[in-house]
Structures are given as structure tokens and as C-alpha cells.
Amino acid sequence: MTDASAGGSGDHRDDSSPVVHELASECTLSDVEVGNRYHATVNGVVEYGVFVDVSANVSGLVHESNLNGESFSVGDDLVVVLEEVKENGDVSFGLAPSDDYETVPVEHEPDITTVSRLQIGREVTVEGEVVQIKQTGGPTIFHVGDETGIVAAAAFEEAGVRAYPEIEVGELVRISGSAEQHDGALQLEADDVTRLEGEAASETRGRLDETLVDRAEPESVEPLVEWEAFEKLRPGLEDVARLLRRTVLEGRPIRIRHHADGDGMCAAIPVQLALENFIRSVHADSEAALHHLKRLPSKAPFYEMEDVTRDLNFALEGRARHGQKLPFLLMLDNGSTEEDVPAYKNLAHYDMPIAVVDHHHPDPDAVEDLLDAHVNPYLHDEDYRITTGMMCVELARMIDPDVTDDLQHVPAVAGLSDRSKAEVMADFVELAGTAGYDREQLEDVGEALDYAAHWLRYSEGKTLVNDVLNVGSEDETRHEELVDFLAERAERDVNEQLDAVEPHVEHETLESDAHLYSVDLERFAHRFTYPAPGKTTGELHDRKVHEHGEPVITIGYGPDFAVLRSDGVRLDIPQMVTELNEEVVGGGVSGGGHLVVGSIKFVKGRREDVIDALVEKMGEADIDEELSTTVSIGE
């Protein structure tokens, strides 16, 4: 409310009759201005004057000294000028001429309370965007987001009937009601829900968009270790962090898909923890993360049609049952290859943004147009020694820096799990030492993660996995005992598997003088138990390298698959897969992975032809002492 003298400029229009304001019934003192004229109705007559109403919420006295000897009765209409609003809220009016004026209507402009300032028991008005509408058996629940957060507002028409059916997700609204506590969460009990239109909508949209851009900006964090190669990836990770933060602010759910191995879990769990914290900071409901964030493992290092079909069905059910937007899909430690394209094209029929953080050898020409963001070291002339877990620890810190202390050991676990030859691995192991881990303990954590992932299969296993990795875990002793138990079981099962496999391993020396070890895992390995064919091949390969040195190639194969490992031989498995698919007609060859670590699939009837052609290509590959790795990849 602005002070002005009676009859001031606020009460006239240039070259026109005086303005008399007609207040809407809901108008309050915030909508009036000293010096302006108002239509009023007498609501009481006393010896010292008359009381008048200028709206249902604004009343005051016209003192007898201002009545000019005129008399009035209850119900009379008159024109008054606002003279004073006292500190105690009393309002004084004077009498104004009641002819030769122009009437101007005044709508109520309520005091807007931001979501972050809501207090239980207060009558408030909130403006924002509807991000979700859920119809319950009782009220309709509108989730509304403003520049500070998201709150649920319950509006009741009748049990199970949609209130305000004209309001849709994405529209801007003004909700008036009381802030209450419902099931332990802050919730508005709505008295009125109004769609904002015209100038009011434009102003609100501009304000929200401007604030949203600022709040979505990733946090500035210093790298955990100095690594020049990694800095090439930082801008891309910042873009992904920006997308994820904005997604949370817009009230859209997030679905995380990650490869079900040690590196994949070291990637997904830190990001999940950071997003949960950020969701809690945005939503008035502290349990919102349970409904807005889902993490699921993928057995293959690419997005299988089985997985995308489940995800899409889940997303469409969430939209139908809970009024949610379709989720943002975050792919971690998978998602970069041509094998992902069918799944992505399936999602392209729906509004589901996709971001990928991966270190498998990519097919950028195939996937780039289908993704909203893609971070992969190969896109910056780097390689898989930069693991996805290393990248995602930094991504998590950009989303929420407060997770940093929980993640000191995770890059080392990721690197050791994926046998990274990064020049900074010693720095990561040293950093983990500040959190109380030595190298052997870090390796045990990685083995325990692999073991847990195998038995969890398609389940998230959140509490178990968080306890194993000791991220978001509340019991240090349980973490230590769990890792000891799982790592010991993993070692036992691996040794039993290798004892069964070793007598059946075939050896030959290739033209390049590389040693080739191969074994039929379908016939000579335990199936459907730990370790899986990929892990079995990797462990066998490690043993052969340890026994005989490099260069070594190991192939573990079954009826329609082969898992490949190499140390000291310059293979290009993705390129070999492309060539095999062209050369072995009817072989149905597909697959990929890293350059010297991967897996392929083919039709059962052409196995011999595919394996023979594969071995021939391996024999033609160059020996490279510097190019060596043994990364554990599942089947």
C-alpha cells in the first residue's frame, strides 16, 4: 500500500473525470491506496459517524466531521476517499463527491507465499506451475511448483470426483487455502484454484523460468584428484547435472538404468544419493524421492528391449494412475552403442528425455540424435580407463556437494572393479585411504558388489547395495561384515568355477605370437550361478596373464555368445563385430563393449563359423604391450 494525499494523482486520469475504484469482494488492505476513492456501502450508523464497507475485508469509519452534515442509513451507497490506515489496522475515510466520476474495478492481488515459507496453520496463497495431478478416492491432489519448491494441494469436489477439471498439468495457477500437515507432510488444503491467464500468467512464467535456470545450475566443485584427461569431460557432466537438477525442479520423475556390475553401481549409487537429497530440498513432502526416483540394473551393457518395455510400461502406468509426467531416463555405464538404438527409438514415441554417461566404445552417429546429453571419454579422444563410476562421483557432487564425504573411496572401487589402467589410480587409492580403506579392502568391496549384483538380477537392492558400497549406509560395522562375507563367497565360487573350467581350456599360439585360450562354457562351466560367463572368462584370463604373461586373448563361448578378453593385443571388438556381421552371412552377429573387452552374440547354428572368423581376425591384430586391460563385463 502506497501513501498519497487525498485527491492525488492516483485518483485521476489525465484529462478525464475522477476515478472511483470498485473493489472485488475478496480485496484486502493490500489492494487499497491512501488518497484513492472507493465505492462504499454503509454498514453501521453511530453518533460519531458511519461505518462503511469497501469490500468484504476492508471496512472503516467516516467521522461525523467529514460528513458535511449529511445523514446516512445502513445500506446506503456512497463514494469515499481513503485518508489513513493506522498502525492498529483501523481505517479512516472521508466523504467524496458522488457525481461525475469513472468507475474502475479492482481485482484482489493477494500476498503470495512461496513454498519454502509455508507454515502450518496459516492461510496462504501460492502461485506456480501444476507439475502433477493425482485423483484419489477423496480429493484431487495438485502438485504445484514455484521458484522455491513443490507442494501438494488437496482440492475437494466430492469423493473420487476430479476437482477443477479445467486445470491441466503444465498450467499456471493461483491456489488459496490453509497450510496443514497430512501424513507427516506439508500440504495445502485448497479453498480455491484459479488458472492464471494473460499478463498475470506471463509475469509468473517469466519469474519461474528465470529462477529455474538459476537453481538448475550445477554446483561448482573442485575435482577429487587432479587429472588433465578428465577435465575434457567436465563440461559434459555439468550439462547432465544441469538437466537432472532442472528435471527435479520441474517435478518430473527420474529413472536410472545402469550396468549391473561394480563400475555400474559405483556410478548409479552416488548419483541416486545426490538426487534424493536434491529432491528432498525441492519438495515439501520429505518422502517425494520414493515416488520420483527409481534405480534399476541392466544385465547387459546396453538397453535391451525387455528393459525399455518394462520402463515404458511403468512410466505410462505412473502417468495414468498418479498424474506424473513421463520420466527422464538416465543411462549409466551403458547406452552409448548402436545396440541401444531400438530401445531409444521406442521411447522417441513419447516425451521421455534421455541422458547417457558411459565409457563403452560408442556409436555416436547412431545414438546422438536420440539423446539429450551424452558423456563418453571416447568422444574426447580418451578411453575406458576413465570409468563411469569415476565420472558419476563428480556428477553426484555437482548435483549435491554435501555427498562428497561419503564418496571418497568410490572412484577407487570403480577403477579397481573395471581394472582401469588410469595414471591416477594411485591417487584415487590414496584418496580412499583418507576414508579408511586400503587397496585390498577396496578390491573386496568391488568383488562384493559384483556378487550382490549377480544375485539381485533385475532388482534394485538399495539397502543391501548401499551397505556394501558404504554410501548412504548407517552402520559401518554391518558394511565391513557384509563386504567380508560377500567377498569371501565370491572368491570361493570363482575358484570352484575355475577349477571346473581349467582342464577344458584349449590353447593355441596365433600368427602374431599371441596366446589364445578358449573354453566352451556351456559344456564345462556351471551355468546360472556365480560367476556368470563374462566374469568366468575374465577371471580365467587374469589367471592366464598372471601365469604366462602377455600377449594373451581369452574367449569363453556358449551356444550363441562369446565373451572376449585381451591383454597386449590391439583388438577393436566393435569393428570386428561389424565385419563379422557382414562376412558370416546369416550369423546374426551383434555386440561390442570396449576395444579389447567385450561380448558378442550370434545364432546357434553359425557358432563355429563365427568363432573361426573371430580367431582369424585376432591373429591379424597387432601386438601392443601398452594396450592391456582385463575389465569384468557380464555376459
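As the structure is a computational prediction, the values presented were derived from the model and not from experiment. (Residues numbered from 1 in each chain as written. Predicted model: local features only at pLDDT ≥ 70, side-chain atom pairs only at ≥ 80, totals over all residues. Heavy atoms only, no water.)

## Side note on helix α11 (residues 425-434)
Logical step 1: Inspection of α11 places Met-425, Phe-428, Val-429, Leu-431 and Ala-432 among the buried residues, and these make up the whole buried set. Considered in projection along α11, the buried side chains sweep an arc of 155° and stay on one side of the axis. Opposite the buried face of α11, by more than 90 degrees, sit the exposed residues Ala-426, Glu-430 and Thr-434.
Logical step 2: Residues of α11 that are buried sit in contact with α9 (388-399), α10 (410-417) and α12 (439-456).
Logical step 3: Where α11 terminates, the next one or two residues include Gly-436, which has phi positive at roughly 95°. (Buried < 20%, exposed > 50% of the residue type's maximum accessible area, 1.4 Å probe, protein only. Helix = DSSP H or I, 4+ residues; strand = E, 2+ residues; numbered from the N terminus. Arc of directions from axis to C-beta. Contact = heavy atoms within 4.5 Å.)

## A short note on the layout of surface pockets
Logical step 1: Of the volumes computed, that of the largest pocket is approximately 1000 Å³.
Logical step 2: As for the largest pocket, its lining consists of 45 residues, of which Asp-285, Glu-287, Ala-288, His-291 and His-292 are closest to the centre.
Logical step 3: For the lining of the largest pocket, the leading source of residues is helix α6 (residues 305-322), giving six residues.
Logical step 4: Looking at the lining of the largest pocket, its residues break down into 18 nonpolar, 14 polar and 13 charged.
Logical step 5: Empty space within the second largest pocket amounts to approximately 870 Å³.
Logical step 6: In terms of lining residues, the second largest pocket is bounded by 34 residues, among which Arg-419, Glu-443, Glu-447, Glu-539 and Asp-542 are the most central.
Logical step 7: Those elements that provide at least two residues to the lining of the second largest pocket are α10, α12, α14 (476-501) and α16 (533-548).
Logical step 8: Looking at the lining of the second largest pocket residue by residue, the class counts come to eight nonpolar, nine polar and 17 charged. (1 Å grid on protein atoms, 1.4 Å probe; cavity = no way out; pocket = protein on both sides within 12 Å on 5 of 7 lines; lining within 4 Å. Points joined across faces, edges and corners; volume = space filled by probe spheres on them. Nonpolar A, V, L, I, M, F, W, Y, C, P; charged D, E, K, R; others polar.)

## Digging into the pairing of strand β21 (residues 561-570)
Logical step 1: Of all 10 residues in β21, nine are buried; the element is thus mostly enclosed.
Logical step 2: Pairing analysis gives six bridges linking strand β20 (residues 552-557) to β21, with the strands arranged antiparallel. Opposite Thr-554, over in β21, you have Arg-565 as the bridge partner.
Logical step 3: Connecting β20 to the antiparallel partner β21 that follows it, the hairpin turn spans three residues.
Logical step 4: Examined bridge by bridge, β21 and strand β23 (residues 597-601) share five bridges and lie antiparallel to one another. (Pairing = 2+ DSSP bridges.)

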